Amino acid sequence: MCDEEQHFTQIESNQTEFQLSLSDLPIEIFLHICSFLDASTLVHGLSLVCKQFYQILNDNSLWKARISQIWPDTGYPVLPPAEDDELFWKLSCVALEKQTSLWRKKDCMEKLSLSNVQYSTIDGLLLMQEGNICISGARDRSLVCWKLSTKENERESHTCIDFAHDGWIWDLAAIDNTVYSCSWDQSVKAWTLTNTGLIHFKTYEMLVSGALLCVASCQDLALFATGSFCKTILVFDPRLNYKPIIKYRPHKRAVIRLAMSSHFILSASEDRTVSIWDQRAGRTMKNVTISQESFPMSMSMEQDIVYVGDGSAKLHVLDPKKDFEPVKCYATEHKKGINGVHIAPGCLLTSSMDKTVRISSPTDPPQHLTTLKSNYGEIASTDYLNDVLAVSGTEGIEIWRPKSRIQCA
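Residues numbered from 1 in each chain as written. Predicted model: local features only at pLDDT ≥ 70, side-chain atom pairs only at ≥ 80, totals over all residues. Heavy atoms only, no water.

Engineer: How do you make sense of the overall build of the protein when you look at a structure like this?
Structural biologist: Each helix and strand in the protein was counted, giving six helices and 28 strands. If one aligns the C-alpha atoms of the protein with their principal axes, the spans along those axes are about 100 × 50 × 45 Å. For the protein, the residues scored as buried account for 51% of the 409 residues in total. Carbon and sulfur atoms form 49% of the exposed surface of the protein, whose accessible area is close to 20,200 Å². Here the protein contributes 40 positive and 49 negative side-chain charges, whose respective centroids are spaced 11 Å apart. (Helix = DSSP H or I, 4+ residues; strand = E, 2+ residues; numbered from the N terminus. Buried < 20%, exposed > 50% of the residue type's maximum accessible area, 1.4 Å probe, protein only. Areas by Shrake-Rupley, 256 points an atom, 1.4 Å probe, with all protein chains shown as cover. Lys, Arg positive; Asp, Glu negative; His and termini not counted. Charge placed at Lys NZ, Arg CZ, Asp CG, Glu CD.)

Engineer: Mind showing me how you'd approach a nonpolar patch on the surface here?
Structural biologist: A cluster of nonpolar side chains, contributed by L22, I29 and I33, occupies part of the molecular surface with about 220 Å² of accessible area. Inspection of the secondary structure assignment puts L22 in the loop between α1 (3-17) and α2 (27-34). (Patch = residues over 30% accessible without salt bridge, like charges linked within 9 Å, V, L, I, M, F, W, Y side chains within 5 Å. Salt bridge = Lys/Arg side-chain N within 4 Å of Asp/Glu carboxyl O.)

Engineer: Sorry if this is basic, but what is going on with the sheet that holds strand β6 (residues 169-175) here?
Structural biologist: With antiparallel pairing, the four strands of this open sheet are ordered in space as β6-β7-β8-β9. Every other strand in the sheet has two partners, leaving β6 and β9 (197-205) as the edge strands with one partner each. Direction aside, neighbouring strands of the sheet carry axes that sit 25° apart on average. By the bridge criterion, five bridges tie strand β7 (residues 178-183) to strand β8 (residues 187-194) in an arrangement that is antiparallel. (Pairing = 2+ DSSP bridges. Axes fitted to C-alpha atoms, helices over the stretch in contact; angles between N-to-C directions.)

Engineer: Sorry if this is basic, but what is going on with the domain arrangement of the protein here?
Structural biologist: Accessible area lost during the coming together of the parts is what is often quoted as the interface size. Assigned domains within the protein: domain 1 (27-104) and domain 2 (110-402). Averaged C-alpha coordinates put domain 1 and domain 2 at centres separated by 32 Å. With 17 residues of domain 1 at the interface, the matching set in domain 2 holds 29 residues. Note on domain 1 versus domain 2: buried area summed over both sides is about 1,800 Å², and carbon and sulfur give 70% of it. For the pair domain 1 and domain 2, the number of links is one salt bridge. Residue D387 is joined to K98 by a salt bridge in which the shortest nitrogen-to-oxygen separation is 2.7 Å. In this structure, the connection of domain 1 to domain 2 is made through five residue pairs in polar contact (both at pLDDT 80 or more). (Domains from an automatic or database assignment. Contact = heavy atoms within 4.5 Å. Buried area = accessible area lost by both parts, 1.4 Å probe. Polar contact = N/O pair within 3.5 Å; in protein donor to acceptor, adjacent residues only side chain to side chain.)

Engineer: Help me out: how do you make sense of helix α6 (residues 88-104) in this one?
Structural biologist: Since the α-helix packs 3.6 residues into each turn, any two residues three or four apart lie on the same face. Between the first and last C-alpha of α6 there are 24 Å, a value that for 17 residues agrees with the 24 Å anticipated at 1.5 Å per step. α6 sits mainly inside the fold: 12 of its 17 residues count as buried. The set of residues buried in α6 consists of F88, W89, K90, S92, C93, V94, A95, L96, Q99, T100, L102 and W103. (Expected span 1.5 Å × (residues − 1).)

Engineer: Looking at this model, I keep getting lost on the sheet that holds strand β14 (residues 255-260). Mind explaining?
Structural biologist: Two pairing modes exist for strands in a sheet, parallel and antiparallel, and in both the strands are linked by backbone hydrogen bonds. The sheet built from four strands is open, its strands ordered β14-β15-β16-β17 with antiparallel pairing. Two strands close off the open sheet at either side, each with one partner strand: β14 and β17 (283-289). The sheet shows a mean angle of 20° between the axes of neighbouring strands, taken without regard to direction. In terms of strand pairing, strand β15 (residues 264-269) meets strand β16 (residues 273-278) through five bridges, oriented antiparallel.

Engineer: Is there a simple way to explain unusual backbone geometry in this structure?
Structural biologist: Among all residues except glycine, the phi angle is most often negative; among peptide bonds, the trans geometry is most common. That bond from Y76 to P77 is cis: its omega, -5°, falls within 30 degrees of zero. Within the secondary structure, P77 sits in the loop between α5 (60-70) and α6. P365 follows D364 through a cis peptide bond whose omega is -5°. Structurally, the position occupied by P365 is in the loop between β24 (356-360) and β25 (368-373). Non-glycine residue D323 carries a positive phi angle of around 55°. In this structure, D323 sits in the loop between β20 (314-319) and β21 (325-331). Overall, the relative accessible area of 43% leaves D323 in the partly exposed class.

Engineer: Is there a simple way to think about the side chain of D171 in this case?
Structural biologist: Within the fold, D171 resides in strand β6. The side chain of D171 sits in the buried core without any salt bridge; R257 is the nearest counter-charge, 5.3 Å away. A polar contact of 3.0 Å, which involves the side chain of D171, links it to the backbone nitrogen of V215. Not counting chain neighbours up to four residues away, the residues in contact with D171 comprise G124, Y180, S181, C182, L213, C214 and V215.

Engineer: Mind showing me how you'd approach the pattern of salt bridges here?
Structural biologist: Oppositely charged side chains can pair when the atoms bearing their charge come close. Counting across every chain of the model gives 11 salt bridges. Where R401 meets E110, a salt bridge forms, and the shortest distance between an N and an O atom there is 2.6 Å. Separated by 291 residues along the polypeptide, R401 in strand β28 (residues 396-402) and E110 in strand β1 (residues 109-115) bring together distant segments of the chain. For D364, the salt bridge is made with K328, and the minimal N-O distance between the two is 2.8 Å. Highlighted residues: D364 in the loop between β24 and β25 and K328 in strand β21, separated in sequence by 36 residues. The partly exposed category is assigned to D364, whose relative accessible area is 23%. Assessed through its relative accessible area of 27%, K328 is described here as partly exposed.

Put into structure tokens, the structure is as follows:
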């Protein structure tokens, strides 16, 4: 080897020997670099590189500080999280950053309009299969399965069942690929979702004297429940038979909303109360008066929190850890009653009879992100799944979803 080659080899060796990496940096500098990266990259990427990075990024105080920068002067979460949830602060930060970015930047979302198929108010709305399928039931008694486009230049397609019920279709729920529709004809019908649309396979006759106004399901227990104008709630196990396994009547007026979990069934009524049924004990646990001014119109339940929207445009919070006692109440900017509420990782959605949907932070108090206005009149129903928002009104549906969901052909 000549002297010149040996010289350059020695230089390269010295450079390799003294080359710095991220793992050699002081923690303060490493964290400063991390502040320029999004939370998802840190949690799902950098923290998995080595044990050193994992240990640094496993400090909850880091994520709490980051969340306070996203939403300063607010409390998060609204209610204390479960003590054994080690991933809560990490994943919360990822979700908050994602949703804040999506809804604050209007060019991140695209809007689709689904119309000219149903010719009356669409009260039943359900998103399925990661938000790629939308099921809609209307007062013209039709049930439509919409397949949303997933590729560039692809059009939405649909299949329609014109007389799915003998009365107005009022609400929808699902267990796996089975859709349950309830109607003013006092029946719940079960439909199998296939590649070509919906196929009817079972009808549950309720034997009640009034219209069915709501239906909800529990994926974990494979049960569904329906509430009626005649104050009755019926719970069914589709694996057994056509008859209800539970029948109870906790309210003095019509049951208009239901929410189910593996432990509880919550029912909202025009009698201004929310009733809690304990599934394990098989009895009504209590009735909670939401407001003396108006009745609850909408409800959303997660493991650690329940939101209830009422007719005076107020949002109430119930705490499951305190026997579902009302612990918070927020006035909103809605001008009329809140007829839809959805809790999602990183955001809180409320829809109103004032024709708007408000996207807010899930903080105490909620902070406004954006307001969407319906082009199909008064909002009848909403659903939210996998960053996809569906809003229905008279004769049409609007879909908001991230543009990144569309794949280039």
